[in-house]
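Listed below are the residues making up each chain.
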Amino acid sequence: FPLSIVSQQPSPRQRRLPISVESLGHFVPTLAVNPDNPLRNLDLLQTRELLAGRIKNWSELGGADAPIRLLLPTSKTRRSTYASTLIQGDALGEGIASSDDPRARLRAVANDRHAVTFAPLPSVQDLGLPALRIADQAPGIGAGYQFKKEFFLITGPTGRTAEARRVRELLLGRASPLPASLIRF
């Protein structure tokens, strides 16, 4: 394999293979609410119960007596990524499948006082929505926020071609975008 992106460190056995491993950065899923929603912090159990669909009304969390509208990605793969990171092992509850585009879900939350969604932290920050703290920890890559995943770029022996090196440099933010001739699906 020339290049792979994975969300866990290679095992000691895998590290004995002729590969190189570099961190690409962190994925920090963040729960975002409407600015009119007074809720700003959830404990771990509340987070799990909310996302699993067992808490259905904001009043159960100290908010208004109104149904919670959980806006979800349409893709099962994207839902699974968020579920494995945010509620580790539990399944997401039934929500409203709205969009795979996190910015579209965030715009919907901005216009709906009773909606909540999850999106990458930079997207939440860019749109200026409140990011919920979980167990008194603000979303981020710091040691205290446990809901994050680090992604790694693994380069194998065949990944040392000029094309693979160019993709690697792009992924690491050290090169300009790829020419269309190098992109294959």
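Q: Is there a simple way to think about the sheet that holds strand β9 (residues 149-155) in this case?
A: Sheet strands line up and pair through hydrogen bonds in the backbone, either parallel or antiparallel. Spatial ordering of the open sheet is given by β1-β9-β2, a layout of 3 strands whose pairing is antiparallel. In this open sheet, the two strands that pair with only one neighbour each are β1 (3-6) and β2 (20-27). Averaged over neighbouring strand pairs, the angle between their axes works out to 20° when direction is ignored. Relative to β9, β2 runs antiparallel, the two being bridged by 7 bridges. Among the inter-strand pairings, Ser23 is bridged to a residue of β9, identified as Phe152.

Q: How do you make sense of the packing of aromatic side chains when you look at a structure like this?
A: Here a ring pair, both rings aromatic, is described through the centre-centre distance and the interplanar angle of the planes. One pass over the full model with this rule turns up 1 aromatic pair. Aromatic side chains Tyr145 and Phe147 sit 5.6 Å apart centroid to centroid with 70° between the ring planes, which places their arrangement in the edge-to-face category. Take Tyr145 and Phe147: they sit in the same class, and that class is buried.

Q: For this particular structure, what's the right way to read the pattern of salt bridges?
A: Two side chains that carry opposite charge are able to pair once their charged atoms sit near each other. Tallied over the entire structure, the rule returns 3 salt bridges. Notably, a salt bridge pairs Asp112 with Arg69, separated by 2.8 Å at the nearest N-O pair. A residue pair is termed long-range when its members are at least 10 positions apart, and Asp112 in the loop between α4 (102-110) and β7 (115-120) and Arg69 in strand β5 (residues 69-72) qualify at 43 residues. By relative accessible area, which is 28% here, Arg69 ends up partly exposed. The shortest N-O distance in the salt bridge between Arg103 and Asp126 comes to 2.7 Å. Here the residue Arg103 occupies a position in helix α4, and Asp126 occupies one in helix α5 (residues 121-127), the gap between them amounting to 23 residues.

Q: Would you mind showing me how to read the sheet that holds strand β3 (residues 29-33) here?
A: Across the sheet, 4 strands lie side by side as β3-β7-β5-β6; this open sheet has mixed pairing. Looking at strand neighbours, the two that pair on one side only are β3 and β6 (96-97), the edges of this open sheet. Pairing of β5 with β7 involves 3 bridges; the strand directions are parallel. Residue pairing for β7: Arg69 is matched across the bridge by Ala115. Its contacts with the sheet put α4 on β3, β5 and β7, and the angle it makes with β7 is roughly 150°.

Cut-offs and rules
As a convention, each chain's residues are numbered from 1 in the sequence order in which they are written. Per-residue local features are limited, in this predicted model, to residues with pLDDT of at least 70; the limit for side-chain atom pairs, both in listing and counting, is 80 or more; totals at the level of whole chains, interfaces and linings are taken over all residues. Hydrogens are left out, water is left out, and the side-chain values use all remaining heavy atoms of the structure. Pairing between two strands is assigned when DSSP locates at least 2 bridges connecting them. Helix numbering and strand numbering both begin at the N terminus, where a helix is a DSSP run of H or I of at least 4 residues and a strand a DSSP run of E of at least 2. To obtain an axis, a line is fitted to C-alpha atoms, over the contacting stretch when the element is a helix, and the angle between two such axes runs from 0 to 180 degrees between their N-to-C directions. We call Phe, Tyr and Trp rings a pair once their centres come within 6.5 Å, taking the six-membered ring for Trp, and we label the pair stacked below 30 degrees between planes, edge-to-face above 60, and tilted otherwise. For the exposure calls, accessible area comes from a 1.4 Å probe over protein chains only, and a residue counts as buried if that area is under 20% of its type's maximum, exposed if over 50%, partly exposed in between. Salt bridge, as applied in this entry: a Lys or Arg side-chain nitrogen positioned within 4 Å of an Asp or Glu carboxyl oxygen. What makes two residues a contact is simply this: any of their non-hydrogen atoms within 4.5 Å.

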